[in-house]
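Residues per chain, in single letters:
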Amino acid sequence: MRVDEFDYNLPPELIAQVPVEPRDSSRLMVVCRKDRTITHRTFGDILYYLHKGDAVVVNDTRVMPGRLLGRRESGGKVEVLLLRECREDSWECLARPGHKVRVGDKLFFGREGQLTGTVMDRTEYGGRVIRWSYSGDWRALLETLGRVPLPPYIKTPLREPERYQTVYASAWGSAAAPTAGLHFTPSLLKAVQAKGCTVLPVTLQVGLGTFRPVKAETVEEHTMHKEHVEVTAEVAGQINSLRERGGNVCAVGTTVVRTLETVASDDGKVKAFSGNTGVFIYPGYRFKAVDVLLTNFHLPRSTLLMMVCALGGRELIMEAYREAVATGYRFYSFGDAMLIT
């Protein structure tokens, strides 16, 4: 399957630079697989498509302030983005300017070197492994020195960093937000529960793969990135119980899909799990645990778009994308949403 089958033309002005207010006032495109219809609603209307007994599964990860601005030992500026901890006090990172950040270099952040990094190695994707030296609490230090990173296609500074967090974010450690969940407000979540749906948290720590382009010509040649996921025994049991009673599982975002499909057996039962997932979902994949997907609009040729096409069917989803462009939907992280039923 060729990667260019998942390409589409997106005018730059449709890339959302700021979030709408309130969160649930964004547009919602509803794509029905059964009758192949496309309906235009607002996000608050999602209540019409959820039913008593459904499981609404969210990713409770929280974006860490992992963007660090500092200097190299030579005095030049450096920017580091934390991706994931690979061993104690050592992190895989992206560094700019990359060609000037070499193995053995020392990097300094904060006043009088509050935080010092030593570049230990390069990674296969062009990043760096950096070992950190500091005193005090690591998270508290990042809260002081770091900034919440935004995707590279967002050029407008964000006034309120919490706007790039979901209202239920709690599991600290992501390099990017699970953006489908950004549309929910506390009151809308209460309304979902009042309708008889059960909102359940899982965790996937979003890493580099969210923005990593597919460079292969065919889908099958691409190697998927790994991300850390956690599903508790309690949540797994609740999902299984709800499905046994006829409820649907609505995954809020592609990160939840990756999580649930990783921990599901062929019969659709999910289990408790803590570890890494490298699952790659593209057309031809047989879904085991996810019935409905809420997601944003994704980059052309991306693994996320391939996953959405796997659930909704490539022809129907690409038609929906063309209609979204034609009718002025807002795209990507701060953009509008799609519900695939």
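This section reports on the structure supplied with the text. Worth saying up front: this structure is predicted, and the values here are computed from it rather than measured. (Residues numbered from 1 in each chain as written. Predicted model: local features only at pLDDT ≥ 70, side-chain atom pairs only at ≥ 80, totals over all residues. Heavy atoms only, no water.)

**Re the pairing of strand E1 (residues 27-32)**
- Taken across its six residues, E1 has five buried, putting it largely inside the fold.
- In this sheet, strand E2 (residues 37-42) lies alongside E1 in antiparallel orientation, the contact comprising six bridges. Bridging across to E2, Leu28 finds its partner in Arg41.
- Counting the residues between successive antiparallel strands, the hairpin from E1 to E2 contains four residues, one of them, Arg36, with a positive phi of roughly 55°.
- Two strands pair when backbone bridges link them, and E1 and strand E17 (residues 337-340) are joined in this way by four bridges, in the parallel orientation. When the sheet's bridge partners are listed, Val30 is paired in E17 with Leu339. (Buried < 20%, exposed > 50% of the residue type's maximum accessible area, 1.4 Å probe, protein only. Helix = DSSP H or I, 4+ residues; strand = E, 2+ residues; numbered from the N terminus. Pairing = 2+ DSSP bridges.)

**What to know about the layout of surface pockets**
- Of the volumes computed, that of the largest pocket is approximately 1,000 Å³.
- Taken together, the elements giving at least two residues each to the lining of the largest pocket come down to strand E6 (77-87) and strand E7 (90-96).
- The leading source of residues in the lining of the largest pocket is E6, at four residues.
- When its residues are assigned to classes, the lining of the largest pocket shows 21 nonpolar, six polar and eight charged.
- In this model, the second largest pocket occupies a volume close to 800 Å³.
- Surrounding the second largest pocket, 30 residues form its lining, Leu83, Arg84, Glu85, Lys226 and His228 being those nearest its centre.
- Secondary-structure elements contributing two or more residues to the lining of the second largest pocket are E6, E7, strand E11 (171-174), strand E12 (198-205) and strand E13 (227-231).
- Across the lining of the second largest pocket, the residue classes break down as 10 nonpolar, 10 polar and 10 charged. (1 Å grid on protein atoms, 1.4 Å probe; cavity = no way out; pocket = protein on both sides within 12 Å on 5 of 7 lines; lining within 4 Å. Points joined across faces, edges and corners; volume = space filled by probe spheres on them. Nonpolar A, V, L, I, M, F, W, Y, C, P; charged D, E, K, R; others polar.)

**Here's the deal with the side chain of Ser302**
- Looking at where Ser302 falls in the secondary structure, it is placed in the loop between strand E16 (292-296) and helix H5 (303-312).
- For Ser302, a relative accessible area of 12% gives the class buried.
- In this structure the side chain of Ser302 is engaged in a polar contact, spanning 2.7 Å, whose partner is the backbone oxygen of Leu299. (Polar contact = N/O pair within 3.5 Å; in protein donor to acceptor, adjacent residues only side chain to side chain.)

**Digging into empty space enclosed by the protein**
- Across all of its chains, the model carries two cavities of 30 Å³ or more by this definition.
- Empty space within the second largest cavity amounts to approximately 60 Å³.
- Lining the second largest cavity are Pro19, Val20, Arg23, Ser26, Arg163, Leu182, His183, Ser333, Phe334 and Gly335.
- The class makeup of the residues in the lining of the second largest cavity is four nonpolar, four polar and two charged.

**Some points on the packing of H5 against helix H6 (residues 314-326)**
- At a minimum axis separation of 7 Å, H5 and H6 run at an interaxial angle of 120°. Overall, the two elements H5 and H6 adopt an arrangement that is oblique. Residues Leu305, Val308, Cys309 and Gly312 of H5 pack against Arg314, Leu316, Ile317, Met318 and Tyr321 of H6. (Axes fitted to C-alpha atoms, helices over the stretch in contact; angles between N-to-C directions. Parallel < 35°, antiparallel > 145°, perpendicular 65-115°, else oblique. Contact = heavy atoms within 4.5 Å.)

**A closer look at the pattern of salt bridges**
- Inspection of every chain in the model, using the stated rule, returns 13 salt bridges.
- Across the pair Arg2 and Asp4 runs a salt bridge whose closest N-O atoms are separated by 3.2 Å.
- For Glu5, the salt bridge goes to Arg314, with nearest N and O atoms at 3.7 Å. Linking Glu5 in the segment before E1 with Arg314 in helix H6, this pair joins segments that are 309 residues apart in sequence.
- Owing to a relative accessible area of 29%, Arg314 belongs among the partly exposed residues under this scheme. (Salt bridge = Lys/Arg side-chain N within 4 Å of Asp/Glu carboxyl O.)

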